[in-house]
Amino acid sequence: MRFIGKPLVFGLSLTPFAWLVAATFGVYGLSLGANPVETLLEDFGTLGLRFTMFALAVTPLRRLTGLNWIAQFRRMIGLFAAFYVTLHFAVYLVLDQGLALAPVIEDIVKRPYITLGMIALVLLLAMTATSTLAARRRLGKRWQKLHNSVYLVGILGVWHYWWQVKSDITEPAIYAAVLTGLLGIRVFWRWQRQRRVKPPVAAASPQSAA
Amino acid sequence: MLIKRPDPIRPSEITSESNYLNRRQLMAGLAAGIALPACSPQAAELPAEGELANVAKSPYSTDETPNSYEDVTTYNNFYELGTGKSDPARNAQYLKPRPWSIEVSGAAENTGTFDLEDFIKPHQLEERIYRLRCVEAWSMVVPWVGIPLGDILKRFKPTSDAKYVAFKPLVAPEQLPGQRYRTLAWPYREGLTIAEAMHPLTIMAVGVYGRVLPNQNGAPMRLVVPWKYGFKSIKSIVSISFERNEPATSWNMSQPREYGFYANVNPEVDHPRWSQATERRIGGGLFAPRIDTQPFNGYGQEVASLYDGLDLRRYF
Ligand code: HEM
């Protein structure tokens, strides 16, 4: 598992991309349907959000199961999140808006759900640019701070999705529930840690969990 | 009723086959002292499926190329059959559009419950090739088959109290499984002013592409109001009511800031969350650019006068 793990995760992560490329060219009778631009836009957006969730799931999964070796996949999964969100943005910019800058700027400024998406994209790209070991050494403490923004990307991604739905919020609500679990367990662990470290008087205050 | 040409003749229309036929038909009608087709109706037969017979052409049809039958029947919104755009086609088998009856009520002399066949029979079926603009900023060209709604409504002799017409579809979660979820308050409700309902562009559609309307498109009969966003064109209608006051409408009830009663296509009034200035025409493939949205979906010549003096930003 140690040796085939990374190529395996890489291959699995790339499969939906390969599938969509095949559908774009009509390979094996696959098709993107009546509105191919919308299909690509929505599928890449969904993949970006899912991979953000997968990246956020690695640490809780590792701690709950003791499978410590899965930590090695975290960076790759995070990079795939950035990959799919970048494609999502590229489809929006090139195929949907036809590179017409005025409407794109109007969207980013006037439509809050797009503003949120844009902030999340910038954060993901900043994390991508500093994903190497060298960058990690160079940035020191600030690296961790920057990369903690993956929590924010998760929140912004779900919010972005929630805000654009016309009336059926089932799907964004499912993502919101999963995200709440992934962030909630971290808050819980931190609260437990603080209780252990701090003297009993300070720990009595429930606000320390927040 | 005399048929007025809806548009000044554009050069592109002169060579169009369907318009050539229309003009010939119109002239033949005029020569005989009548105007086709409304004054020489062929009793409409409405089979449960398959081809529709005796469908007249109409000068109100656009000469734009219609979308494929597949696009029209696999990509649409019909929340009663699911909220995804391929859900209606996937869940279509649950709906049973025969037998079907329609209740007509409210401010009219002839009210009551009518069989679908009797409802349709006195009229001439017409093909109407219309642009359809969804509020979600995509569009299609659809060759509907239907009957001018006004011709149908007149038979019920609406009284002077009838200022609006309200429509409702079937409520039956076993046939329309989307009604199990409260994505909207069921029944779906839509309405028109009486002038909009009587306008010759407004039709009750019973078919598409010369065939009986498939379930996913709102069988057995649905409204088509081509200058309004698609959600006004309510599907699978079982109730028509003449009203004195503006009826409540579903999307307006759900999000009053986003969807108005009028819902006229208007590139200048954005949806709060997206622009309505342009639209994506389905069928163009990956690299087709968006096209500009036209006021009243390009039917302004015919319908703009209905809204004289109305502030279209306020009454969106
Ligand atoms: C510059 C940044 C972004 C832009 C301009 C953008 C734009 C859009 C647009 C236009 C839609 C389609 C809305 C519709 O169908 O009505 C969409 C959907 C979506 N986006 Fe984004 N987005 C951005 C960033 C993101 C990010 C960072 C994520 C996730 C982490 C994301 C996840 C999604 C999801 C999940 C959907 C819904 C897909 C569906 O309907 O199934 N987007 N986005």
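This report concerns the structure included in the present document. (Residues numbered from 1 in each chain as written. Chains lettered and ligands numbered in written order. Predicted model: local features only at pLDDT ≥ 70, side-chain atom pairs only at ≥ 80, totals over all residues. Heavy atoms only, no water.)

1. Description of the environment of Pro158(B)
What counts here: Strands here mean DSSP runs of E at least two residues long; helices mean DSSP runs of H or I at least four residues long; both are numbered from the N terminus. Pairs of residues are marked as contacts when any of their non-hydrogen atoms sit within 4.5 Å.
Note that Pro158(B) resides in the loop between α6 (149–154) and β6 (164–169). For Pro158(B), the contacting residues outside a window of four places in its chain are Ala107(B), Ala108(B), Leu153(B), Met198(B) and Phe242(B).

2. Topic: the packing of helix α1 (residues 5–24) of chain A against helix α2 (residues 36–65) of chain A
Residues and elements named next belong to chain A. Selection criterion: Axes, fitted as lines to C-alpha atoms, cover a helix only where it is in contact. Angles between the N-to-C directions of the axes lie from 0 to 180 degrees. Here roughly perpendicular refers to angles of 65 to 115 degrees, roughly parallel to angles under 35, roughly antiparallel to angles over 145, and oblique to all remaining angles. Gly counts as polar in this scheme, as do all residues outside two lists: the nonpolar Ala, Val, Leu, Ile, Met, Phe, Trp, Tyr, Cys and Pro, and the charged Asp, Glu, Lys and Arg.
At a closest axis distance of 11 Å, the pairing of α1 and α2 adopts a crossing angle of 180°. Classed by the angle they form, the pair α1 and α2 counts as roughly antiparallel. Residues Ser13, Pro16, Phe17, Leu20 and Thr24 of α1 pack against Leu40, Asp43, Phe44, Leu47 and Phe51 of α2. Residue composition of the contact of α1 with α2, grouped by class: seven nonpolar, two polar and one charged.

3. Regarding the coordination of the iron atom of the ligand
All names here are of chain A. Condition: Only N, O and S atoms count as donors, using a 2.8 Å cut-off from the metal and 3.2 Å for Na, K and Ca, and because water is excluded some sites may appear unfinished. Working rule for geometry: tetrahedral if four donors all subtend angles between 85 and 135 degrees; square planar for four, octahedral for six, if opposite donors exceed 155 degrees and the others stay between 65 and 115; irregular in every other situation.
The iron atom of the ligand binds to the protein through His88 (NE2) and His160 (NE2), with metal-donor distances spanning 1.9 to 2.0 Å. Seen from the iron atom of the ligand, its six donor atoms lie at angles of 86 to 180°, and the figure they make is octahedral. One end of the pair, His88, is in helix α3 (residues 74–96); the other, His160, is in helix α8 (residues 149–164), and 72 residues separate them in sequence.

4. Some remarks on the site of the ligand
Residue and element names in this part refer to chain A. Test applied: What makes a residue near a molecule or strand is one non-hydrogen atom of that residue sitting within 4 Å of it. Polar contacts here mean pairs of N or O atoms no more than 3.5 Å apart (in protein, one a potential hydrogen donor and the other a potential acceptor; neighbouring residues in sequence count only if both atoms are side-chain atoms).
In the vicinity of the ligand, 19 residues are found, and the nearest of them are His88, Phe89, Met118, His160 and Gln164. At a separation of 3.2 Å, an oxygen atom of the ligand approaches a polar side-chain atom of Glu42. For the ligand, an oxygen atom lies 3.4 Å from a polar atom in the side chain of Thr46. Of the residues in the shell around the ligand, the class split is eleven nonpolar, seven polar and one charged.

5. Quick look at empty space enclosed by the protein
In this approach, a probe sized like a water molecule rolls over the atoms, and the result shows the empty space that is left. Residues and elements named next belong to chain B. Applicable threshold: Buried and open spaces are told apart on a 1 Å grid over the protein atoms alone, a cavity being a set of points where a 1.4 Å probe fits but cannot get out and a pocket being an open set with protein on both sides within 12 Å along at least five of seven lines. Residues with an atom within 4 Å of a point are the lining residues. Grid points are joined across faces, edges and corners, and a volume is the space filled by probe spheres set on the points.
With the rule as written, the count across this model stands at five cavities of 30 Å³ or more. Within this model, the largest cavity holds a volume of roughly 360 Å³. For the largest cavity, the lining is made up of 26 residues, of which Asn77, Phe78, Gly230, Phe231 and Lys235 are closest to its centre. In terms of residues, the lining of the largest cavity owes the most to one element, strand β5 (residues 138–148), which gives four residues.

6. Section: the pattern of salt bridges
Applied cut-off: A carboxyl oxygen of Asp or Glu within 4 Å of a side-chain nitrogen of Lys or Arg is what we treat as a salt bridge. Relative accessibility thresholds used throughout: buried, under 20% of the residue-type maximum; exposed, over 50%; partly exposed, between the two (1.4 Å probe, protein chains only).
On inspection of all chains with the given rule, the structure shows 24 salt bridges over all chains. The residue Arg111(A) makes a salt bridge to Asp107(A) at a minimum N-O spacing of 2.9 Å. Residues Lys166(A) and Glu136(B) are paired through a salt bridge, measuring 3.0 Å at the closest nitrogen-oxygen approach. Taken together, the residues Lys166(A) in the loop between α8 and α9 (170–197) and Glu136(B) in the loop between β4 (125–133) and β5 connect one chain to another. Given a relative accessible area of 11%, Lys166(A) falls into the buried group.

7. A look at the packing of aromatic side chains
In plain terms, the rule: Working definition: rings of Phe, Tyr and Trp (its six-membered ring) pair if their centres are within 6.5 Å, and the pair is stacked with planes under 30 degrees apart, edge-to-face with planes over 60 apart, and tilted otherwise. Placement of a charge over a ring requires the Lys NZ or Arg CZ to be within 6 Å of the ring centre, with the centre-to-atom vector within 35 degrees of the ring normal.
Under the criterion given, the structure shown has 28 aromatic pairs over all chains. The interplanar angle of 65° and the centroid separation of 5.1 Å between the aromatic rings of Phe83(A) and Tyr84(A) together place this pair among those described as edge-to-face. Where Tyr262(B) meets Tyr315(B), the ring centres are 6.2 Å apart and the plane angle is 85°; that geometry is what we call edge-to-face. On the criterion of sequence distance, the pair formed by Tyr262(B) in the loop between α8 (250–254) and β12 (278–281) and Tyr315(B) in the segment after α9 (300–303) is long-range, its members being 53 residues apart. For Arg136(A), the ring lying beneath its charged end belongs to Trp143(A), and the centroid distance is 4.0 Å.

8. A short note on unusual backbone geometry
Residue and element names in this part refer to chain B. Put simply, Trp186 and Pro187 share a cis peptide bond, and its omega is -5°. Its place among the elements puts Pro187 in the loop between β6 and β7 (190–193). Residue Ala219 is joined to Pro220 through a cis peptide bond whose omega torsion reads -5°. Inspection of the secondary structure assignment puts Pro220 in the loop between β9 (211–212) and β10 (222–224). Positive phi, normally seen in glycine, also occurs at Lys157, with a value near 50°. Positionally, Lys157 belongs in the loop between α6 and β6. Look at Phe296: it is not a glycine, yet its phi comes out positive at around 50°.

9. Re the environment of Gly33(A)
All names here are of chain A. Mapped onto the elements, Gly33 comes out in the loop between α1 and α2. You can call Gly33 partly exposed: its relative accessible area is 47%. Through-space distance from the C-alpha of Gly33 to that of Ala23 is 9.0 Å; in sequence the pair is ten residues apart.

10. A closer look at the nonpolar core
Note the cut-off: Put simply, buried Ala, Val, Leu, Ile, Met, Phe, Trp, Tyr and Cys residues joined by side-chain atoms within 4.5 Å make one nonpolar core.
In this structure, Trp144(B) and Phe167(B) are the most contacted members of the largest nonpolar core, which totals 79 residues. Ranked by the residues each element gives to this core, the list is headed by β5(B), at six residues. Residue contacts for Trp144(B): discarding those within four places in its chain leaves Glu126(B), Glu127(B), Arg128(B), Tyr130(B), Leu132(B), Ile203(B), Ala205(B), Gly207(B), Val208(B), Leu213(B), Arg222(B) and Val224(B). Among the nonpolar cores identified, the runner-up in size contains 27 residues, and Leu32(A), Phe51(A), Tyr84(A) and Tyr113(A) belong to it.

11. Section: the interface of chain B and chain A
How big an interface is tends to be expressed through the accessible area that disappears when the partners come together. We count it as follows: By buried area we mean how much accessible surface two parts lose on assembly, using a 1.4 Å probe and totalling the loss over both.
Contacts between the two partners involve 26 residues from chain B, matched on the other side by 20 residues from chain A. Buried area between chain B and chain A, both sides added, is near 1900 Å², and the carbon and sulfur share of it is 50%. The largest contributions to the chain B side of the interface with chain A come from Arg273(B), Arg280(B) and Leu286(B), which together make up 36% of the buried area. Counting the contacts that link chain B with chain A gives 13 residue pairs in polar contact (both at pLDDT 80 or more). Of the residues belonging to the side of chain B that touches chain A, the class tally is eleven nonpolar, eight polar and seven charged.

12. Some details on the sheet that holds strand β3 (residues 112–115) of chain B
Residue and element names in this part refer to chain B. For the record, the criterion: By this definition, two strands are paired if DSSP reports at least two bridges between them.
The sheet built from five strands is open, its strands ordered β3-β2-β11-β6-β7 with mixed pairing. The strands lining the two open edges of the sheet, one partner per strand, are β3 and β7. Shown here is a sheet whose adjacent strand axes are inclined to one another by a mean of 20°, direction ignored.

13. Topic: the layout of surface pockets
All names here are of chain A. By volume, the second largest pocket is sized at about 1000 Å³. Around the second largest pocket, the lining is made up of 36 residues, and of these Arg74, Gln144, His147, Val150 and Tyr151 lie nearest the centre. Listed by contribution, the elements that provide at least two residues to the lining of the second largest pocket are α2, α3, α5 (112–129), α6 (133–139), α7 (141–147), α8 and α9. Its residues placed into classes, the lining of the second largest pocket shows 18 nonpolar, ten polar and eight charged.

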